Amino acid sequence: MRAMGVWRRAWLLCKGSPQHGALVWTHRGLRTGAALLRGREDPPNYPSLTQEFDKFQKKLLVSLPKSKWSPLKSTKHLPPEHSDLVIVGGGVMAWSIAFWLKLLQDQTSTYSIVVVERDPTYSQASTVLSVGGIRQQFSRPENIQMSLFGAHFLLKINEYLGMVNEDPIDIQFNPSGYLFLSSEKGAEILEKNYKTQREHGAIGILYSPEQLKKKFPWINTQDVVLASYGLENEGWFDPWTFLTALKRKAISMGVEFCQGEVTGFDTVTQDMVTESGDLVTFTTIKNAIVSMSHSLENQPVECSAVINAAGAWSAKVAEMAGVGLGNPNTIYGTK
C-alpha cells in the first residue's frame, strides 16, 4: 500500500519569540496500522478488520431477533484480494502441491496460497473417479522413483498428514501387484523395463507362461510369452480419503480454499532488450478472475504466479492465459 501524503497545519513557536507563532505547512507520510505496530516493542493483539466486522454484524442481528435478514452481506465466500500463488483446481494434484509448498517454506520465505475449486463434491474430478492405483512398473527412471516415494508416502501417511486430536488416516491400502503380459513382439521391451525397475529399487518378478499359469490358474496364457508382476508397493487405495487428508492438512498449514471458478486472467506485457539487442516481450499474469458458484460475483485475485492443476480442463485454463493460441512455433502455440 502506497503511503498517502497528508497535509497538516502546525503552529511552531519561533526561537527567541515565544509570544509569536508561525503558520507553516508540512508534508508527512501516512503510517499504516502495520507500520505503527512495527514501532512497538510489544504490539498489542489488535483484532482484524474482519473480526470487527463480524462483531458488528452479530450486534446488528441481535437487534432484529425475529428476522434472518442482514443489511451487511458476508464476504467469507469470496477469495482473498491478494495471494502470492493461485492454484487452479482442487483435486489431489492441487492439494499435494499446496501441501509441499507450505511444508518446504521457511520463516524467511513464507507466501500465501489459495486453491480455487468449482465443485467441492468432485463429481467429475479424475481424483475420485479413479481406483486410486499405484505401481512402480514404468519404463522411465523418473516415474519409477516418483512412484517409489509415493508408496512410501502412503505407507507413512500419518507421519505426513496426521493431525493432533484427530483419528488416524486409513486410506485402505490394498497391496496387490500389477500384472503385465506380453506377446513375443513385446517381450524384449518388457524385460528391458523390468531391468530398469530393478536398478531403481522396484521389487518385481518375471514369469514364464508356465509359472504364470501356476500363479494365476484362471488366466488364459495362450500367446503369452512373458509376464511382469509387482511384488511390493503396488495396489490400490481410497482416493477420497487421500484427497480429504491432503486438503485438511494443507488448510491447517495456512492454505486458503475458495469455491469458485477461474474464468480469466488480467495480464501485463513488458518489453525487455537482451544483451545482443533483441527485443523480447514478456506477458505475465497480474490477476486471476474468480467467479463465484451460482452467482454473478467476480473477484480479481492479485497474484505473483498461477499453478494450473485443473486436470482434464488444464488446456482451457492455459488458453485463458494465451498458451496454446499463438504461433505454433512458440510456447504460446503449444497445446
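Provided above is the structure to which this section pertains.
Only a predicted model underlies this, so the values are computations on that prediction, with no experimental measurement involved.

Colleague: Help me understand the packing of aromatic side chains, please; the structure alone is not making it clear to me.
Modeller: For any pair of aromatic rings, geometry is given as the distance between the ring centres together with the angle between the planes. For the structure shown, the criterion picks out 15 aromatic pairs. Consider the rings of Phe-216 and Trp-218, whose centres lie 5.9 Å apart with planes at 65 degrees: the pair is edge-to-face. Among the aromatic residues, ring-to-ring pairing joins Phe-99, Trp-100, Phe-149, Phe-153, Tyr-160, Phe-237 and Phe-242 into one connected group. A cation over a ring is seen here: Arg-118 above Trp-313, with NZ or CZ 4.8 Å from the ring centre. The ring of Phe-257 has Lys-247 sitting right over it, with the charged end atom 4.1 Å from the ring centre.

Colleague: Can you help me understand the pattern of salt bridges in this one?
Modeller: Side-chain pairs of opposite charge can arise whenever the charged atoms involved come near each other. The full count for this structure, using the stated rule, is four salt bridges. A salt bridge links Arg-140 to Glu-142; its shortest N-O distance comes to 3.7 Å. Taking relative accessible area as the criterion, Arg-140 reaches 48% and is therefore assigned partly exposed. A salt bridge links Glu-319 to Lys-335, with the nearest nitrogen and oxygen atoms 4.0 Å apart.

Colleague: I'm lost on the side chain of Thr-127 in this one. Help?
Modeller: Of note, Thr-127 is situated in helix 4 (residues 126-129). Within the structure, the side chain of Thr-127 is placed 3.0 Å from the backbone nitrogen of Val-92, a separation counted as a polar contact.

Colleague: What's the story with helix 9 (residues 239-252) in this structure? I'm lost.
Modeller: Residues three or four positions apart in an α-helix share a direction because the helix packs 3.6 residues into each turn. Between its first and last C-alpha atoms helix 9 spans 20 Å; for 14 residues at 1.5 Å apiece the expected length is 20 Å, and the two agree. For helix 9, the set of buried residues is Pro-239, Thr-241, Phe-242, Leu-243, Ala-245, Leu-246, Lys-247, Lys-249 and Ala-250. Packed against the buried residues of helix 9 are helix 3 (92-104), helix 4, helix 5 (141-155), helix 6 (157-161) and strand 11 (256-273). Structurally, the start of helix 9 carries an N-cap: the backbone nitrogen of Trp-240 is 3.2 Å from a side-chain oxygen of Asp-238. Gly-254 sits one or two positions beyond helix 9 and adopts a positive phi of about 110 degrees.

Colleague: Can you help me understand the nonpolar core in this one?
Modeller: In a soluble, globular protein the nonpolar side chains are often hidden away together inside. By size, the foremost hydrophobic cluster in this structure holds 27 residues, and its most contacted members are Trp-95, Ala-98, Leu-161 and Phe-242. Residue assignment for this core shows that the elements contributing at least two residues are strand 3 (85-88), helix 3, strand 4 (113-117), helix 5, helix 6 and helix 9. Ignoring anything within four residues of it in the chain, the contact list for Leu-161 reads Phe-99, Phe-153, Ile-169, Phe-242, Ala-245, Leu-246, Arg-248 and Lys-249. In terms of nonpolar packing, the next biggest core, distinct from the first, is built from 14 residues, Val-114, Cys-258, Met-292 and Cys-303 among them.

Colleague: Just checking my understanding: could you explain the sheet that holds strand 13 (residues 298-302) for this structure?
Modeller: Each strand in a sheet pairs with another by means of backbone hydrogen bonds, the pair being arranged parallel or else antiparallel. On the basis of which strands lie adjacent, the open sheet formed by six strands has the order 13-12-11-4-3-14 and mixed pairing. The open sheet has two edge strands with one neighbour each: strand 13 and strand 14 (305-308). Averaged over all adjacent pairs, the angle separating strand axes in this sheet is 35 degrees, with direction ignored. Here strand 11 pairs with strand 12 (residues 279-292) via 13 bridges, running antiparallel. By the bridge assignment, Asp-266 is partnered in strand 12 with Asn-287. Taken strand by strand, helix 3 contacts strand 3, strand 4, strand 11 and strand 14, and its axis lies near 175 degrees from that of strand 4.

How each quantity is defined
- Within each chain, residues carry numbers counting from 1 in the order of the written sequence.
- A pLDDT threshold of at least 70 governs which residues receive local features in this predicted model, and a stricter bar of 80 or more applies before side-chain atom pairs are shown or counted, although totals over entire chains, interfaces and linings include all residues.
- To obtain the side-chain values, all non-hydrogen atoms of the structure were included, while hydrogens and water were left out.
- For this analysis, a ring pair means two rings from Phe, Tyr or Trp (six-membered ring only for Trp) whose centres lie within 6.5 Å, classed as stacked if their planes differ by under 30 degrees, edge-to-face if by over 60, and tilted for the remaining angles.
- For a Lys NZ or an Arg CZ to count as sitting over a ring, it must be within 6 Å of the ring centre and within 35 degrees of the ring normal.
- Any carboxyl oxygen of Asp or Glu that lies within 4 Å of a side-chain nitrogen of Lys or Arg is treated as forming a salt bridge with it.
- Buried means the residue's accessible area, taken with a 1.4 Å probe over protein chains only, is under 20% of the maximum for its type, while exposed means over 50%, and partly exposed covers the values in between.
- Comment: elements are numbered from the N terminus, with helices defined as DSSP H or I runs of at least four residues and strands as E runs of at least two.
- Each polar contact in these results corresponds to two N or O atoms within 3.5 Å; when the atoms are within protein, one needs to be able to donate a hydrogen and the other to accept it, and residues that are neighboring in sequence are counted only if both atoms are side-chain atoms.
- Helices are assigned an expected span. That span is 1.5 Å times one less than the residue count.
- Residues count as neighbours in contact if any of their non-hydrogen atoms are within 4.5 Å of one another.
- Side-chain atoms within 4.5 Å are what join buried Ala, Val, Leu, Ile, Met, Phe, Trp, Tyr and Cys residues into a set we call a nonpolar core.
- At least two bridges found by DSSP between two strands are what make those strands a pair.
- For helices, the axis comes from a line fit to the C-alpha atoms of the stretch in contact; other axes are also lines fit to C-alpha atoms, and the angle between any two N-to-C directions lies between 0 and 180 degrees.

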